[in-house]
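Here is what each chain is made of, one letter per residue.
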Amino acid sequence: MIYLIFIIPILGMMLYINTVKLLKNIKEGRNTANQTGWGAVLTGLILFLSFVVILNALSY
């Protein structure tokens, strides 16, 4: 369970980097489909793993 405490911040950093790249692509007028998809996946993973940590903490 402790590994989730390390995975969630790493996913958060990846989401931040993805958001910066998305904003750069918008500014340059490039295609943003990849960054949009990855942002949705990373956000979903962060939320899911956060709920797992919270539910596990409440079960003790």
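Residues numbered from 1 in each chain as written. Predicted model: local features only at pLDDT ≥ 70, side-chain atom pairs only at ≥ 80, totals over all residues. Heavy atoms only, no water.

Undergrad: Explain the pattern of salt bridges to me, please; I cannot follow it from the model alone.
TA: Evaluated as defined, the whole model comprises one salt bridge. Note that Glu-28 is salt-bridged to Arg-30, the shortest N-O span being 3.2 Å. (Salt bridge = Lys/Arg side-chain N within 4 Å of Asp/Glu carboxyl O.)

Undergrad: Help me understand the environment of Leu-42, please; the structure alone is not making it clear to me.
TA: Relative to the elements of secondary structure, Leu-42 occurs in helix 2 (residues 33–58). On the basis of relative accessibility, which here comes to 5%, the residue Leu-42 falls in the buried class. Setting aside anything within four residues of it in sequence, one finds Leu-42 in contact with Leu-11, Met-14, Leu-15 and Asn-18. (Helix = DSSP H or I, 4+ residues; strand = E, 2+ residues; numbered from the N terminus. Buried < 20%, exposed > 50% of the residue type's maximum accessible area, 1.4 Å probe, protein only. Contact = heavy atoms within 4.5 Å.)

Undergrad: Would you mind showing me how to read the environment of Ile-17 here?
TA: Within the fold, Ile-17 resides in helix 1 (residues 2–28). Taking the C-alpha atoms as reference points, Ile-17 and Gly-39, 22 residues apart in sequence, are found 9.8 Å from one another.

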